[in-house]
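# Observations on the model geometry
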Amino acid sequence: MLPAVELLFIRHGEPAWDEAGLAVDDPALTDRGIEQARLLGRALRGLRADQLLVSPLRRAQQTAEPIADALGLEPTTLPWLAEISMGRWQGTPSEAVERAFRENRGRPLEEQWEGIPGGESFRHFHARVTGGLQEMLDGAGVLRLSEHPPLWKLCEPERRIVVVAHGGTNAVSLGYLLGIEPVPWEWERFVSFHASVSTLQPVDISSGHTFSLLRFADTTHLPVELQTR
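The text that follows walks through the structure, step by step, so that each part is easy to find.

Turning our eyes to something else, we now look at the overall build of the chain. The helix and strand tally for the chain stands at 7 helices and 10 strands. Relative to its length of 229 residues, the chain is compact, with a C-alpha radius of gyration of 18 Å against a globular reference of 17 Å. Considering only C-alpha atoms, the chain reaches an extent of 55 × 40 × 30 Å along its principal axes. Looking at the chain as a whole, 52% of its 229 residues qualify as buried.

Side chains of Asp18, Glu19, Glu95 and Glu98 sit close together on the surface and give a patch of like negative charge. At the level of elements, strand S2 (18-19) and helix H3 (94-105) are the ones that each hand at least two residues to the negative patch.

Under the criterion given, the structure shown has 7 aromatic pairs. When the ring of tryptophan 113 is compared with that of phenylalanine 122, the centres are 5.6 Å apart and the planes differ by 65°; the resulting orientation is edge-to-face. Tryptophan 113 sits in the buried class, given a relative accessible area of 18%. The exposure class assigned to phenylalanine 122 is buried, which follows from its relative accessible area of 1%. Taking the centre distance of 6.0 Å and the plane angle of 65° together, the rings of phenylalanine 122 and phenylalanine 125 count as edge-to-face.

Here the focus is the pattern of salt bridges. Here the structure, examined in full by the defined rule, presents 12 salt bridges. One salt bridge connects glutamate 186 with arginine 189, and the closest N-O pair in it is separated by 2.9 Å. Here glutamate 186 and its partner arginine 189 are both found in helix H7 (residues 186-189), 3 residues apart, which amounts to about one turn of the helix. Residue classification places glutamate 186 among the buried residues on the basis of a relative accessible area of 1%. With a relative accessible area of 33%, arginine 189 lands in the partly exposed category.

At a minimum axis distance of 10 Å, the contact between helix H5 (residues 122-139) and helix H6 (residues 167-178) shows a crossing angle of 65°. Here the hand of the crossing between H5 and H6 comes out right-handed. Contacts between H5 and H6 involve Phe122, Phe125, His126, Val129, Thr130, Leu133, Gln134 and Leu137 on the former and, on the latter, Gly168, Thr169, Val172, Ser173, Tyr176 and Leu177. Across the contact of H5 with H6, the residue classes break down as 8 nonpolar, 6 polar and no charged.

Looking now at the pairing of strand S10 (residues 208-218). Note: strand S9 (residues 197-205) against S10, 8 bridges, orientation antiparallel. If you follow valine 197 over to S10, its bridge partner there is aspartate 218. In textbook terms, the turn of a hairpin is the stretch between consecutive antiparallel strands, and for S9 and S10 this stretch comprises 2 residues, one of which, serine 206, has a positive phi near 50°.

About the thresholds
- Residues numbered from 1 in each chain as written.
- Predicted model: local features only at pLDDT ≥ 70, side-chain atom pairs only at ≥ 80, totals over all residues.
- Heavy atoms only, no water.
- Helix = DSSP H or I, 4+ residues; strand = E, 2+ residues; numbered from the N terminus.
- Rg over C-alpha atoms; globule rule 2.2 N^0.38 Å.
- Buried < 20%, exposed > 50% of the residue type's maximum accessible area, 1.4 Å probe, protein only.
- Patch = residues over 30% accessible without salt bridge, like charges linked within 9 Å, V, L, I, M, F, W, Y side chains within 5 Å.
- Areas by Shrake-Rupley, 256 points an atom, 1.4 Å probe, with all protein chains shown as cover.
- Salt bridge = Lys/Arg side-chain N within 4 Å of Asp/Glu carboxyl O.
- Lys, Arg positive; Asp, Glu negative; His and termini not counted.
- Charge placed at Lys NZ, Arg CZ, Asp CG, Glu CD.
- Phe/Tyr/Trp six-rings, centres within 6.5 Å; stacked < 30°, edge-to-face > 60°.
- Axes fitted to C-alpha atoms, helices over the stretch in contact; angles between N-to-C directions.
- Left-handed = near helix turned anticlockwise from the far one by under 90°.
- Contact = heavy atoms within 4.5 Å.
- Nonpolar A, V, L, I, M, F, W, Y, C, P; charged D, E, K, R; others polar.
- Pairing = 2+ DSSP bridges.

These figures capture arrangement, not role.
Below you can see the structure in the form of structure tokens.
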């Protein structure tokens, strides 16, 4: 028997960010990433699920393919699940990209809310993801009663929703569901490995429900040599 609603947040497999020393903006999976996705699909085979929601980016779409086959579901692609945009780096030397990201970590806090110059601001990213997430929850009969503390009213029968997205997208989603104040480095606070699974379920609290994080970034379906971040 399912809980009233269960949410599985899956991070994509390992992407090929570098091609001959040059950056790739929307990479496909590496061979190792494809194997990670295959093993994840095998681990999920037979699981009852009601929806499979997927980011439009290539690495998430490829990861979702064996999962869709395992679950017997047609994936639904949702633009709000895309990772935060870091701007256009296609064809830029990978060393220059890595240097820009390192320098960004040392910027003043207020500037970090604005994101990397030329990219999406974290404020916009957070609003995009949490707005899309709550709209999805509304459609699933999970209505928000209060923000502090985070309480929901569950109106629909049992259902399981599987989300295939990204480290940043999933981290923002977890923070929102758990009622944690956002920071512009969510992917560093909730560090998930490639092809990992995080599971949340509602718990009866007072007059509503709150979400409990049952497992985070689970990679037990992968051998040690395939566990990457």
